[in-house]
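Summary of structural features
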Amino acid sequence: MRDRVLYNLVLFVLIIIACAILLGDLTDGHEARTIVNIGLNAMLMFGAFIAIFVGVALVSKEIEKRTVFAIFAKPIGRGEFIVGKYLGLCLTLAVNVSVMGLGVSLALIYVGNTGLAGTIWPSILLIFFELTILTAVATLFSSFSSPALSALLTFFVFVIGHFSTSLRDLAALSSQSARYFFEAIYFVLPNLSHFTFVTNASHGDMPPASMLGGAILYAIVFDAILIAAAMIIFSRRNFK
Amino acid sequence: MNYIVEIENLTKDYEVGFWKKKKVRALDDLTLAVKPGQIFGFLGGNGAGKTTTIKILMTLLFPTSGTARILGSDISDVSMHRRIGYCPENPYFYDYLTATELMKYFGELLGLNSADRSRRASELLTKVGLDEKDWNKQLRKYSKGMLQRVGLAQALINEPEIVFFDEPMSGLDPIGRREIRELIIELRQKGTTVFMSTHILSDVEALCDEVAILRGGKLTATGRLDELLTRQGERQVYEVSLKNVSADQLPNGYSVRSIASGVIVEIDDESQIDNLLIEARKSGGHLISVQPVRQSLEELFVEPPTA
Ligand SMILES: Nc1ncnc2c1ncn2[C@@H]1O[C@H](COP(=O)(O)OP(=O)(O)OP(=O)(O)O)[C@@H](O)[C@H]1O
Ligand SMILES: [Mg+2]
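Residues numbered from 1 in each chain as written. Chains lettered and ligands numbered in written order. Predicted model: local features only at pLDDT ≥ 70, side-chain atom pairs only at ≥ 80, totals over all residues. Heavy atoms only, no water.

This brings us to the sheet that holds strand 9 (residues 210-215) of chain B. Residues and elements named next belong to chain B. Taken together, six strands build an open sheet; the order of strands is 6-7-8-3-9-10 and the sheet is mixed. Taken across any chain shown, the strands that pair with only one partner, and hence form the sheet edges, are strand 6 (84-87) and strand 10 (218-224). On average, adjacent strands in this sheet sit at an angle of 15° to one another, irrespective of strand direction. Taken strand by strand, helix 1 (residues 50-57) contacts strand 3 (39-43), strand 6, strand 7 (162-166), strand 8 (193-198) and strand 9, and its axis lies near 145° from that of strand 7. (Pairing = 2+ DSSP bridges. Helix = DSSP H or I, 4+ residues; strand = E, 2+ residues; numbered from the N terminus. Axes fitted to C-alpha atoms, helices over the stretch in contact; angles between N-to-C directions. Contact = heavy atoms within 4.5 Å.)

This is the structure in structure tokens:
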């Protein structure tokens, strides 16, 4: 079932790319740039969609539907369950992002821009690591709250995470108490703008190695903290 | 003697209410030990705390206080789960898997090789009486009784040394119940310990070696079923069903209930049955059945034995 959803999404992205090519024909001369913009942003959106909905379903649906009862009577630890679910979904996302990326590259080759077809991949890698954070957030929320609430909260983190730099700017402008509030949010929530490179990528730029490495390190540290927290919370949970 | 399940001073409070948390004591200082190789009946009415106890043993719930061991290991040791099986109350599994896929998946979690998984899956699904044409149907299309059968089958995939069945007969049709009874007896013959919760007294009588009786989260009695019954002062009652005869055609002194096809007479002395039949035949009555009813078991259920 899950696979079917993913196939549909991949198909959808391919359609988007087809649209981008058509659109590219209209925006004469800039088709490659349009393809990168639409393609990579769509990839992020669909990836986020999968991370949020599948990520939430993986843990809290199992609790809600009581499928965990039989699972934990098997020799499976609570922590192991969380890590397994998380890594499984990350792998699925990696496959999906790669397929979508390949689609975008093929579209670029089709319109004759082989250069861009290669230089977009570091940006795709950034998108993937952003998605691993989102998946970790979804896993953490669903380790203690209902599927619907987890999905909503993860979506907020996704949106706010992208405006997180503006949050800090907002903090600088605000009164004392409001400043602490905005700064607290800034530090607690992942700053997803570290992973945004789509517009530059459409101009054929590649993220500098320091940015790429920094962002990946940031993602790995954030993932580890979130998943560790999810494991601790989940290990103490009663399944009523 | 080594015990296979040891429960010590187990207490569980549920917190209820969203704002003002109120505590509900579901299990109160339960201490219990189960010997290996037997069918152990865990009895009690609705809300007595049976499911709560079993879920604590399976580490689905954490006790408020107390400890428990299974096969000599503390319940927190998940590696011991390789040697046990569990069928939850009203089991529910993945909607989009088929029964065969589920069995194989659980077999994999338990470290069985692929050949064993397939063999055990079809063996067990046959044994729990699941129709072979349903094996490859998605579980979301299953009825309650069919899910119950899958639940029992999956608990046995690893040939466990002990199984925990929470109301194994729930949702089963009469044939299903007979099949599961036979399955439980067969497990015991192979040396598997069966720990089952139930409130079906006829199953208890037919199956259990020892029982524990819970009421309001407290243990009220435990021991061999026959001993408990003797202690209770066993009173065997027979229900004799007769047709083509009405209550007023029988001599006074019998306790008679009228039913659609005739009457049911309650008799507490076996030797009286012959007399009753002679009387009934005089007015053209026929015997339908004689059924022994152990009233004392029901009493044990409701009232703790004094002494
Ligand atoms: N999730 C829960 N939240 C609050 N109280 C609960 C919860 N589950 C059970 N209880 C309470 O705990 C007590 C024991 O319930 P339990 O489910 O263990 O009973 P049981 O013996 O399995 O009953 P049944 O025969 O109906 O299955 C009951 O009083 C019940 O109200
Ligand atoms: Mg119960």
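Quick look at the interface of chain B and chain A now. Contact residues are listed per partner, giving 27 residues for chain B and 22 residues for chain A. Note on chain B versus chain A: buried area summed over both sides is about 2200 Å², and carbon and sulfur give 61% of it. When the buried surface of chain B facing chain A is broken down by residue, L60(B), Y92(B) and Y94(B) rank first, second and third, together holding 26% of it. Between chain B and chain A we count one salt bridge in total. Between D95(B) and K65(A) there is a salt bridge, and its shortest N-O distance comes to 2.8 Å. Remark: the boundary between chain B and chain A carries eleven residue pairs in polar contact (both at pLDDT 80 or more). Only strand 1 (5-16), strand 6 and helix 2 (99-109) of chain B provide two or more residues apiece to the side of chain B that touches chain A. For the side of chain B that touches chain A, a count of residues per class yields 17 nonpolar, four polar and six charged. (Buried area = accessible area lost by both parts, 1.4 Å probe. Salt bridge = Lys/Arg side-chain N within 4 Å of Asp/Glu carboxyl O. Polar contact = N/O pair within 3.5 Å; in protein donor to acceptor, adjacent residues only side chain to side chain. Nonpolar A, V, L, I, M, F, W, Y, C, P; charged D, E, K, R; others polar.)

Attention shifts here to the coordination of the magnesium ion (ligand 2). Around the magnesium ion (ligand 2), the protein contributes the donor atoms T51(B) (OG1) and E89(B) (OE), which lie 1.9 to 2.4 Å from the metal centre. On the criterion of sequence distance, the pair formed by T51(B) in helix 1 and E89(B) in the loop between strand 6 and helix 2 is long-range, its members being 38 residues apart. (Donors = N, O, S within 2.8 Å, 3.2 Å for Na, K, Ca; no water.)

Take the sheet that holds strand 2 (residues 22-34) of chain B next. All names here are of chain B. Spatially, 2-1-4-5 is the arrangement adopted by the four strands of the open sheet, whose pairing is antiparallel. In the strand order of this sheet, the two ends are held by strand 2 and strand 5 (73-74), each with one partner. Inspection of the sheet shows strand 1 paired to strand 4 (residues 65-70) by five bridges, in the antiparallel sense. Among the inter-strand pairings, T11 is bridged to a residue of strand 4, identified as S65. Lying over the sheet, helix 1 contacts strand 1, strand 2 and strand 4, oriented at roughly 110° with respect to strand 1.

All names here are of chain B. The end-to-end C-alpha distance of helix 3 (residues 114-127) is 20 Å, a good match for the 20 Å that 14 residues give at a rise of 1.5 Å each. Those residues of helix 3 that are buried lie in contact with helix 2 and helix 4 (144-155). Backbone nitrogen of A115 and a side-chain oxygen of the N-cap are separated by 3.2 Å at the start of helix 3; the cap is N113. G129, located one to two residues past helix 3, shows a positive phi value of around 75°. (Expected span 1.5 Å × (residues − 1).)

Where interface size is quoted, it is often the accessible area lost as the parts come together. Taken domain by domain, chain B consists of domain 1 (5-229) and domain 2 (238-295). Here the C-alpha centre of domain 2 of chain B lies 40 Å away from the C-alpha centre of domain 1 of chain B. (Domains from an automatic or database assignment.)

What follows covers the packing of helix 2 (residues 31-64) of chain A against helix 4 (residues 78-110) of chain A. Residue and element names in this part refer to chain A. At their nearest, the axes of helix 2 and helix 4 sit 10 Å apart, and the two run at 160° to each other. When the axis of helix 2 is compared with that of helix 4, the two are roughly antiparallel. Both helix 2 and helix 4 take part in a crossing whose hand is right-handed. (Parallel < 35°, antiparallel > 145°, perpendicular 65-115°, else oblique. Left-handed = near helix turned anticlockwise from the far one by under 90°.)

The next point concerns the environment of V24(B). Residue and element names in this part refer to chain B. With respect to the element layout, V24 can be found in strand 2. Exposure remark for V24: the relative accessible area of 36% places this residue in the partly exposed category. Between the C-alpha atom of V24 and that of K282, which follows or precedes it by 258 residues, the distance is 60 Å. V24 has contacts with K12, D13, Y14 and V16, leaving out every residue within four places of it along the chain. (Buried < 20%, exposed > 50% of the residue type's maximum accessible area, 1.4 Å probe, protein only.)

Below, the discussion takes up the nonpolar core. Counting 150 residues, the largest nonpolar core has M58(B), I70(B), F164(B) and F165(B) as the members making the most contacts within it. At 17 residues, the largest contribution of residues to this core is made by helix 2 of chain A. Filtering out sequence-adjacent residues up to four positions away, M58(B) remains in contact with F72(A), A73(A), I70(B), H81(B), I84(B), Y86(B) and F164(B). Ranked by size, the runner-up nonpolar core spans twelve residues in total, among them V240(B), V245(B), V265(B) and L276(B). (Core = buried A, V, L, I, M, F, W, Y, C linked by side-chain atoms within 4.5 Å.)

In the vicinity of ligand 1, 15 residues are found, and the nearest of them are G47(B), K50(B), T51(B), T52(B) and E89(B). Among the chains of the assembly, those with residues near ligand 1 are chains A and B. Against a free-state accessible area of 640 Å², the protein chains account for coverage of 69% of ligand 1. For the shell around ligand 1, the secondary-structure elements that each account for two or more residues are strand 1 and helix 1 of chain B. For the shell around ligand 1, the leading source of residues is helix 1 of chain B, giving three residues. (Near = heavy atom within 4 Å. Areas by Shrake-Rupley, 256 points an atom, 1.4 Å probe, with all protein chains shown as cover.)

Moving on, we come to the environment of N158(B). All names here are of chain B. Looking at the element boundaries, N158 is found in the loop between helix 4 and strand 7. Between the C-alpha atoms of N158 and G284, which are 126 residues apart in sequence, the distance is 58 Å. Residues within four places of N158 in sequence aside, it is in contact with H81, R82, R83, I84, L110 and L112. Of the polar contacts made by the side chain of N158, one reaches the backbone oxygen of I84; its length is 3.0 Å.

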